[in-house]
Amino acid sequence: MGSQEVLGQAARLASSGLLLQVLFRLITFILNAFILRFLSKEIVGIVNVRLTLLYSTTIFLAREAFRRACLSGGTQRDWNQTLNLLWLTVPLGVLWSMFLGWVWLRLLEVPDPDVVPYYGTGVVVFGLSAVVELLGEPFWVLAQAHMFVKLKVIAESLSVILKSVLTAFLVLWLPHWGLYIFSLAQLFYTAVLVLCYVIYFKKLLGSPESTKQQTLPVSRMTDLLPNIPRSGAFVNWKEAKLTWSFFKQSFLKQILTEGERYVMTFLNVLNFGDQGVYDIVNNLGSLVARLIFQPIEESFYIFFAKVLEREKDATLQKQEDVAVAAAVLESLLKLALLAGLTITIFGFAYSQLALDIYGGTMLSAGSGPVLLRSYCLYVLLLAVNGVTECFTFAAMSKEQVDRYNFTMLALSSSFLVLAYLLTRWCGSVGFILANCFNMGIRITQSLCFIHRYYQKSPYRPLTGLYLSPVLLGAFALSGGITGISEVFLCCEQGWPSRLAHVAVGTFCLGVTLGTAFLTETKLIHFLRTQLAVSRLADKMT
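The shown structure was predicted, so the numbers you read here are calculated from the model rather than taken from an experiment.

1. Side note on the environment of Phe 201
Here is step 1: Checked against the element boundaries, Phe 201 lands in helix H8 (residues 179-205).
Here is step 2: Placed 20 residues apart in sequence, Phe 201 and Met 221 show a C-alpha to C-alpha distance of 7.5 Å.

As structure tokens, this is what we get:
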């Protein structure tokens, strides 16, 4: 498979994922806004911080390293060994869920049962749901490796929507159930997610005439189960060693990703109610990152991993592949920077209005608007980091991954200390400031790697981080106008003034995007080309 074909598939995966996730996330967004009207801040804090942290930690530690290692292999591999390796995530998940469940029940502060009932049941069920989700890991990796475009997005989006609908129904009709509601909804979510993958592959492997089935390394469902090969090792030891390297890195990355939740959970710097408000604002602020940046990062990580060979630098690889990878990286950096700047500039002036519409005065009063404004700056760093790290992790050799782990260790330690100190000094905003600091360090590390990688080649993909002065001026002017508009029109003067404030922002956004369209012609050409490739691939399938 040539680099251009892989690029087309990656672009198709990202664009399809983006469109479907926007649709499904919009539905979930509305349902969650409805649910918030019936919950206390304490319930939100326990579910969205304490129990979700248990679930995400178990999932991340049990599977993240396996995913990265098994998606990095080339086309020539023994898929039986890869699938055997992936099934090890299940017993690993059982061990992690049991250990972490004990910590959550015995070592952490237990909430008042009159305010948050059935906490123990919630811990057990959230740990169980993590193990259930790991049962679908071999199916997920096989689907991603063969770029089944819509399966992942539809499965995850359908699961999220059904979970939100079930939660809303139970909150409305059985509010006294407390954490039973969210425990059942979480277990239902993971069961539906795994069933979507199982049903899809069962149907696909049962249709020999399917063109997709003919490209798979398995021919029946039993081939997906762990088996002992007649000759050779049970697993590919090269993949296993790479998995261990990624595991050490993922443990540290998890601390960086969920660091504020760990500080809140283990150091008790915020009460459960303040944790709930922070988490709502955090989820709202990261909505765009999950909708736009995550599908792009996941899809193009696969592209870079397939096009580039880990053990070779840019001068020793096929120059056609290196050129394509450099052009794609440059365009992705430009796209991430533009999207992040747009969110940052316009988010400052519309944070209070967004929170008031979404959650009422519980969110728009107090520290909520300041939190969301701070998060808008963090989104800019998230956008750039997602692109730089997806290339870096795809191109690094095993030794480089091991060396990077030491940097991650230092970042993890500094983040925990900095988050604790800043939170003591300026409240929950300190978490976001600490995240910004560490994200900046991670971006610097990745930029240094990319610079060294292409230093001896004629390609300079980091030029994607430069914007024209005209476009920068348009951003600055839009920020000033919308800031003044917020002072005079939002948000205590009624809906006519709010709508006028929105109209001002819409006009400024149109001018800014128009300026970008006229000045960033190289990026526009890249987007048009990949959209055309994606549409052609859709027609062919």
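Past the structure itself, the notes keep going.
2. What to know about the pattern of salt bridges
Here is step 1: A full pass over the atoms with the stated rule returns twelve salt bridges.
Here is step 2: Across the pair Arg 63 and Glu 137 runs a salt bridge, and its minimum N-O distance is 3.9 Å. Of this pair, Arg 63 sits in helix H2 (residues 41-71) while Glu 137 is found in helix H6 (residues 137-145), placing the two residues 74 residues apart along the sequence. For the pair Arg 63 and Glu 137, a shared accessibility class is recorded, and that class is buried.
Here is step 3: A salt bridge links Glu 156 to Lys 152, with the nearest nitrogen and oxygen atoms 3.6 Å apart. Of the two residues, Glu 156 and Lys 152 both sit in helix H7 (residues 151-173), four residues apart, roughly one turn of that helix.
Here is step 4: Judged by relative accessible area, Glu 156 falls into the partly exposed class, the value being 24%.
Here is step 5: By relative accessible area, which is 8% here, Lys 152 ends up buried.
Here is step 6: Salt bridges sharing common partners tie together Arg 63, Arg 67, Glu 133 and Glu 137.

3. What about unusual backbone geometry?
Here is step 1: At Tyr 118, a residue that is not glycine, the phi angle is positive and equals roughly 65°.
Here is step 2: As for its position among the elements, Tyr 118 is in the loop between helix H4 (89-106) and helix H5 (119-134).
Here is step 3: Taking the relative accessible area as the measure of exposure, Tyr 118 reaches 36% and is therefore partly exposed.

4. With respect to the packing of H2 against H8
Here is step 1: The contact between H2 and H8 brings their axes to 11 Å, and the two run at 40°. Once H2 is placed against H8, the crossing between them reads as right-handed. Counted together, Ile 43, Ile 46, Val 47, Leu 51 and Tyr 55 of H2 and Leu 179, Phe 182, Gln 186, Tyr 189 and Thr 190 of H8 form the full contact between these two elements.
Here is step 2: In terms of residue class, the contact of H2 with H8 is built from eight nonpolar, two polar and no charged.

5. A closer look at H6
Here is step 1: For H6, a buried count of nine out of nine residues is recorded, marking the element as mostly surrounded by other parts of the structure.
Here is step 2: Of all the residues in H6, the buried ones are Glu 137, Pro 138, Phe 139, Trp 140, Val 141, Leu 142, Ala 143, Gln 144 and Ala 145.

6. With respect to the layout of surface pockets
Here is step 1: Approximately 700 Å³ is the volume found for the second largest pocket.
Here is step 2: In terms of lining, the second largest pocket is formed by 22 residues, of which the most central are Val 288, Phe 346, Gly 347, Tyr 350 and Ala 354.
Here is step 3: Secondary-structure elements contributing two or more residues to the lining of the second largest pocket are helix H12 (272-285), helix H13 (287-307), helix H14 (319-359), helix H16 (368-395) and helix H20 (495-519).
Here is step 4: With ten residues, H14 is the single largest residue contributor to the lining of the second largest pocket.
Here is step 5: Here the lining of the second largest pocket is composed, by residue class, of 16 nonpolar, six polar and no charged.

7. So, the nonpolar core
Here is step 1: Among the nonpolar cores identified, the biggest contains 148 residues, and Trp 104, Leu 179, Tyr 197, Phe 201, Phe 304, Phe 391 and Tyr 454 are the most heavily contacted of them.
Here is step 2: For this core, the leading source of residues is H2, giving 17 residues.
Here is step 3: Of the residues that make up this core, three or more belong to each of domain 1 (3-235) and domain 2 (269-466).
Here is step 4: The contacts of Tyr 454, once residues within four sequence positions are left out, are Ala 314, Val 322, Ala 325, Ala 326, Phe 391, Tyr 459, Arg 460 and Pro 461.
Here is step 5: By size, the runner-up hydrophobic cluster in this structure holds five residues, among which are Tyr 350, Leu 353, Cys 490 and Cys 491.

8. Overview of a nonpolar patch on the surface
Here is step 1: Together, Phe 34, Phe 38, Phe 169, Leu 172 and Trp 173 make up an exposed nonpolar region whose accessible area comes to about 550 Å².
Here is step 2: If one sorts the elements of the nonpolar patch by residue count, H7 sits on top with three residues.
Here is step 3: Mapped onto the fold, Leu 172 is located in helix H7.

Rules used in this analysis
- Residues numbered from 1 in each chain as written.
- Predicted model: local features only at pLDDT ≥ 70, side-chain atom pairs only at ≥ 80, totals over all residues.
- Heavy atoms only, no water.
- Helix = DSSP H or I, 4+ residues; strand = E, 2+ residues; numbered from the N terminus.
- Salt bridge = Lys/Arg side-chain N within 4 Å of Asp/Glu carboxyl O.
- Buried < 20%, exposed > 50% of the residue type's maximum accessible area, 1.4 Å probe, protein only.
- Axes fitted to C-alpha atoms, helices over the stretch in contact; angles between N-to-C directions.
- Left-handed = near helix turned anticlockwise from the far one by under 90°.
- Contact = heavy atoms within 4.5 Å.
- Nonpolar A, V, L, I, M, F, W, Y, C, P; charged D, E, K, R; others polar.
- 1 Å grid on protein atoms, 1.4 Å probe; cavity = no way out; pocket = protein on both sides within 12 Å on 5 of 7 lines; lining within 4 Å.
- Points joined across faces, edges and corners; volume = space filled by probe spheres on them.
- Core = buried A, V, L, I, M, F, W, Y, C linked by side-chain atoms within 4.5 Å.
- Domains from an automatic or database assignment.
- Patch = residues over 30% accessible without salt bridge, like charges linked within 9 Å, V, L, I, M, F, W, Y side chains within 5 Å.
- Areas by Shrake-Rupley, 256 points an atom, 1.4 Å probe, with all protein chains shown as cover.

Bear in mind that shape data such as this cannot, by itself, settle questions of function.
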